Amino acid sequence: MSEVVVTGIGVAAPNGVGAEEYWKAVVAGESGIRPISRFDTARYPIKLAGEVPEFDAEQDFTRRLMPQTDRLTRLALFAAEFALGDAEIVPEELPSYSMGVAVSSSTGGLEFGQRELQALWGTGWESVSAYMSFAWYYAVHTGQISIRYGMQGPSGVVVSEQAGGLDALGYARRRVRKGTAVMTAGGLDGLICPYGVAIQSSTGEVGTGTDPERAYLPFHLDSAGHAIGEGGAVLVLESREDAERRGAPRLYGTLAGYGAAFDPDPAGPGGDGLVRAARQALADAGRSAQDVDVVFADAAGTSALDRAEADALCTLFGERGVPVAAPKALTGRLLSGGGPLDVATALLAIRDGLVPAVAAAPPGRVDPRIDLVAGAPRSLEIGTALVLARGRGGFASALVLTGP
């Protein structure tokens with residue numbers, strides 16, 4: 001089987017748009033979690049979120065697409081544009097059926113859908129946009145990227161909540177191995193609108209505090225739930241042979257292994273979905289647990305799920321057996337966008353030999369069984385990284401990344 005490498009990275013995150021801007025913020029420990037600005041939260045329990053700030057390129061977005069896209073879909077289009085530019089791929093120069101798209105989303109254009117439902121019940125059906133037929137749909141990011149860049153090869157969308165972005169990358173990796181020249185893959189999600197905040201509030205897993213510095217404390221004994229966020233990442237995947245043949249300017253790393261499992265009670269007794277997914281991914285990569293230099297954790301930010309993940313890490317590596325990174329503490333939980341953003345972060349960490357940190361906690365407040373990288377980034381030569389993700393309902397996925 002041919003190796004599948006990442007040749008381009010596009011990021012739209014609350015603390016940075018573009019891979020290098022995001023990486024600079026993560027290394028500096030800069031958080032994108034702040035008071036919600038999109039609407040008045042006075043009547044809602046959730047006050048904080050990781051919002052992607054507006055950026056200059058949005059001002060030049062094609063006027064034709066504005067009425068038919070939610071902002072989240074526009075962020076997906078920008079992330080794809082950044083990734084393709086980073087890889088120096090010009091879609092017009094490639095056969096359309098040699099390029100595919102797999103960008104996961106659990107929500108699609110949720111804010112677009114809310115707005116049109118308000119129009120339906122406020123002024124009548126005549127006010128509802130014809131674009132409502134697809135703009136809200138969870139496959140809309142894949143569809144719009146495919147249309148914009150003429151990518152008519154194998155495409156799809158995987159919906160498994162927070163695990164979905166890793167599953168989309170696993171799907172894209174299979175398609176490249178079967179001969180597709182270029183796959184544009186990843187995930188973006190967002191629920192920062194009244195409808196989305198209402199949905200998230202009902203889960204009981206989102207923090208309701210007002211201090212951004214304590215909004216998301218993974219593996220922390222004082223955690224009161226995670227912060228929500230929006231955005232994610234899109235990556236360009238190619239076979240190593242194709243990338244080297246065309247002279248790709250950079251190879252960030254190899255998607256060496258992928259695994260997935262289902263566990264309907266991930267925090268209950270016997271919940272071993274993450275362990276099974278990780279072992280599948282390691283076996284697929286031809287690696288063992290001893291080869292892993294760093295884990296980018298799911299880091300749910302809720303006591304039961306964090307404890308269950310710490311159990312899984314101890315099963316795989318032993319207590320404090322491997323450094324654990326949780327950069328989503330700086331962005332909020334991005335659902336389908338979280339896994340691909342962690343993959344992008346892991347690839348940049350491999351490149352620079354640096355593991356990003358969460359804020360330092362008082363002694364004894366972090367689960368002592370894991371080696372959570374906190375306070376300051378840690379210099380580390382990384383040959384193999386493991387990225388973990390869990391989705392609501394029992395989904396668990398893992399990706400193994402190796403250096404280029």
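A brief look at the structure comes next. The shown structure was predicted, so the numbers you read here are calculated from the model rather than taken from an experiment.

Okay, the environment of Leu-237 next. When you line up the elements, Leu-237 lands in strand β8 (residues 231-239). Judged by its relative accessible area of 0%, Leu-237 falls in the buried class. Spatially, the C-alpha atom of Leu-237 lies 25 Å from that of Val-27, the residues being 210 residues apart in sequence.

What follows concerns the packing of helix α1 (residues 19-27) against helix α11 (residues 338-352). Packing of α1 against α11 leaves a shortest axis separation of 11 Å and a crossing angle of 80°. Here α1 is positioned roughly perpendicular relative to α11, judged by the angle of their axes. Mapping the contact onto sequence places Ala-19, Glu-20, Tyr-22, Trp-23 and Val-26 in α1 and Leu-341, Thr-345, Leu-348, Ala-349, Arg-351 and Asp-352 in α11. Residue classes in the contact of α1 with α11 are distributed as 7 nonpolar, 1 polar and 3 charged.

As a further point, take the environment of Glu-20. Mapped onto the fold, Glu-20 is located in helix α1. In this structure, the C-alpha to C-alpha distance between Glu-20 and Gly-122, residues 102 residues apart in sequence, is 44 Å. Ignoring any residue separated from it by four or fewer positions in sequence, one finds Glu-20 in contact with Leu-348 and Arg-351.

With that settled, the discussion passes to the nonpolar core. One finds Ile-9, Val-11, Leu-237 and Val-343 to be the most contacted residues of the largest nonpolar core, which totals 47 residues. Ignoring any residue separated from it by four or fewer positions in sequence, one finds Leu-237 in contact with Val-4, Val-5, Val-6, Leu-169, Ala-172, Arg-173, Val-176, Ala-181, Val-182, Met-183 and Leu-255. In terms of nonpolar packing, the next biggest core, distinct from the first, is built from 37 residues, Ile-33, Tyr-216, Ala-278 and Ala-281 among them.

Residues other than glycine seldom take positive phi values, yet Glu-88 does so here, at roughly 55°. Backbone geometry places Arg-320, a non-glycine residue, at a positive phi of 50°. Counting through the fold element by element, Arg-320 comes out in the loop between α10 (303-317) and β11 (323-325). Looking at Arg-320, the relative accessible area reads 48%, which means it is partly exposed.

With that out of the way, let us pick up the side chain of Ser-98. The topology assignment puts Ser-98 in the loop between α2 (71-87) and β5 (99-104). Ser-98 gets classed as buried once you look at its relative accessible area, which sits at 15%. If sequence neighbours within four positions are ignored, Ser-98 has contacts with Thr-180, Ala-181 and Val-182.

Attention shifts here to the sheet that holds strand β4 (residues 48-50). Within the open sheet, the 3 strands sit side by side as β3-β4-β7. Their pairing is mixed. The outermost strands of the open sheet, each flanked by one partner alone, are β3 (33-35) and β7 (228-229). In terms of strand pairing, β3 meets β4 through 3 bridges, oriented antiparallel. What sits directly across from Pro-35, in β4, is Leu-48.

Here strand β6 (residues 182-189) lies mainly inside the structure; 8 of its 8 residues are buried. Going residue by residue along β6, you find Val-182, Thr-184, Gly-186 and Leu-188 tucked away on one face and Met-183, Ala-185, Gly-187 and Asp-189 tucked away on the opposite face as well. Across 6 bridges, β5 lies against β6 in parallel orientation. Counted as the bridge partner of Ala-102 is Ala-185 from β6. By the bridge criterion, 7 bridges tie β6 to β8 in an arrangement that is antiparallel. Across the sheet, Ala-185 pairs through a bridge with Leu-235, a residue of β8.

Summarising burial for strand β15 (residues 384-391): 8 of the 8 residues are buried, a large majority. Residues Thr-384, Leu-386, Leu-388 and Arg-390 point to one face of β15 and Ala-385, Val-387, Ala-389 and Gly-391 to the other, with burial holding for every one of them. Here 3 bridges tie strand β10 (residues 294-296) to β15, and the two strands are oriented parallel to one another. Among the inter-strand pairings, Val-294 is bridged to a residue of β15, identified as Ala-385. Where β15 meets strand β16 (residues 395-402), 8 bridges bridge the pair, whose relative direction is antiparallel. Residue Arg-390 lies in a different strand from β16, and its bridge partner there is Ala-396.

This part covers a nonpolar patch on the surface. Taken together, the side chains of Trp-136, Tyr-137, Tyr-138 and Val-159 present a nonpolar region at the surface, about 350 Å² in accessible area. Tracing the backbone shows Tyr-138 in the loop between α4 (132-135) and α5 (140-149). Taking the relative accessible area as the measure of exposure, Tyr-138 reaches 31% and is therefore partly exposed.

Below, the discussion takes up the pattern of salt bridges. In the structure shown here, the tally under the stated rule is 24 salt bridges. A salt bridge links Asp-367 to Arg-369; the shortest N-O distance between them is 2.9 Å. Asp-367 gets classed as buried once you look at its relative accessible area, which sits at 13%. Taking the shortest distance from any N to any O, the salt bridge between Arg-378 and Asp-371 comes out at 2.8 Å. Residue classification places Arg-378 among the partly exposed positions, given a relative accessible area of 28%. Salt bridges here are not isolated pairs; linked through shared partners, they connect Asp-298, Glu-309, Arg-333 and Arg-390.

Reading guide: rules and limits
Residues numbered from 1 in each chain as written. Predicted model: local features only at pLDDT ≥ 70, side-chain atom pairs only at ≥ 80, totals over all residues. Heavy atoms only, no water. Helix = DSSP H or I, 4+ residues; strand = E, 2+ residues; numbered from the N terminus. Buried < 20%, exposed > 50% of the residue type's maximum accessible area, 1.4 Å probe, protein only. Axes fitted to C-alpha atoms, helices over the stretch in contact; angles between N-to-C directions. Parallel < 35°, antiparallel > 145°, perpendicular 65-115°, else oblique. Contact = heavy atoms within 4.5 Å. Nonpolar A, V, L, I, M, F, W, Y, C, P; charged D, E, K, R; others polar. Core = buried A, V, L, I, M, F, W, Y, C linked by side-chain atoms within 4.5 Å. Pairing = 2+ DSSP bridges. Patch = residues over 30% accessible without salt bridge, like charges linked within 9 Å, V, L, I, M, F, W, Y side chains within 5 Å. Areas by Shrake-Rupley, 256 points an atom, 1.4 Å probe, with all protein chains shown as cover. Salt bridge = Lys/Arg side-chain N within 4 Å of Asp/Glu carboxyl O.

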